[in-house]
Amino acid sequence: MNKKIALVTGGTSGIGKEIAKQLLENGCFVFINFGHNEKQMRKAQEELKHVSNNLKFIKADVSKEEEVRVMMNTIKNQFGKLDYLVNNAGTNIDGFIENLDINDFKKVINVNLIGKVICTKYAIPL
């Protein structure tokens, strides 16, 4: 994994952050994608800077094709390739279905399913 380039979507917490940490420890340069929570990003940045300097945070909503395209172009412009894509970004709306706002459900589908397709689409050429 030494000198490989990785992108971990939704990598500022939980499993994604641990995956990013493992990739860093194994010599990868890691881009960590985050969607909107800058406070959580700064916390992850503080925690992971002690692991490696081979790290960059990149903001993009994975459910929005144009933002993903820009994110992938940033990676392409900096390194010219992407060796690993970890499609980890996800969201959840808890509650009973009878109380569910359909727009919240669409957001879950857009991030958890469509976002993975969009990220994969733009990662393949790299």
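Below or above, wherever it landed, is the structure these notes cover.

Conventions used here
- Residues numbered from 1 in each chain as written.
- Predicted model: local features only at pLDDT ≥ 70, side-chain atom pairs only at ≥ 80, totals over all residues.
- Heavy atoms only, no water.
- Core = buried A, V, L, I, M, F, W, Y, C linked by side-chain atoms within 4.5 Å.
- Buried < 20%, exposed > 50% of the residue type's maximum accessible area, 1.4 Å probe, protein only.
- Helix = DSSP H or I, 4+ residues; strand = E, 2+ residues; numbered from the N terminus.
- Contact = heavy atoms within 4.5 Å.
- Expected span 1.5 Å × (residues − 1).
- Bend = angle between axes of the 7 residues up to and from the residue.
- Polar contact = N/O pair within 3.5 Å; in protein donor to acceptor, adjacent residues only side chain to side chain.
- Phe/Tyr/Trp six-rings, centres within 6.5 Å; stacked < 30°, edge-to-face > 60°.

### Quick look at the nonpolar core
No. 1: By size, the foremost hydrophobic cluster in this structure holds 18 residues, and its most contacted members are Leu7, Phe31, Val68, Met71, Met72, Ile75 and Leu82.
No. 2: Looking at this core, the elements that each hand over two or more residues are strand E1 (5-8), strand E2 (29-34), helix H3 (65-79) and helix H4 (102-123).
No. 3: If we skip the residues at most four places from it in the chain, Val68 touches Asp61, Val62, Ile118, Cys119 and Tyr122.
No. 4: Counting residues in each nonpolar core, the second largest holds 15 residues, with Ala20, Val30, Ala44 and Leu55 among its members.

### Let's talk about H4
No. 1: The end-to-end C-alpha separation of H4 is 30 Å, in line with the 32 Å expected for 22 residues at 1.5 Å each.
No. 2: The sharpest bend along H4 comes to roughly 40°, located at Ile114.
No. 3: Looking only at H4, the buried set comprises Val108, Val111, Gly115, Ile118, Cys119 and Ala123.
No. 4: In this structure, the buried residues of H4 make contact with H3 and strand E4 (84-86).
No. 5: At the N-terminal end of H4, a side-chain oxygen is found 2.7 Å from the backbone nitrogen of Asn103, two or three residues along, and the residue is Asp101.

### Topic: the packing of aromatic side chains
Here a ring pair, both rings aromatic, is described through the centre-centre distance and the interplanar angle of the planes.
No. 1: A full pass over the atoms with the stated rule returns three aromatic pairs.
No. 2: Taking the centre distance of 5.9 Å and the plane angle of 85° together, the rings of Phe31 and Phe79 count as edge-to-face. Placement of the pair is Phe31 in strand E2 and Phe79 in helix H3, with a sequence separation of 48 residues.
No. 3: With relative accessibility at 0%, the residue Phe31 sits in the buried group.
No. 4: Accessibility expressed as a relative area gives 32% for Phe79, which makes it partly exposed.
No. 5: An aromatic cluster is defined as three or more aromatic residues linked by ring pairs; in this entry it consists of Phe29, Phe31 and Phe79.

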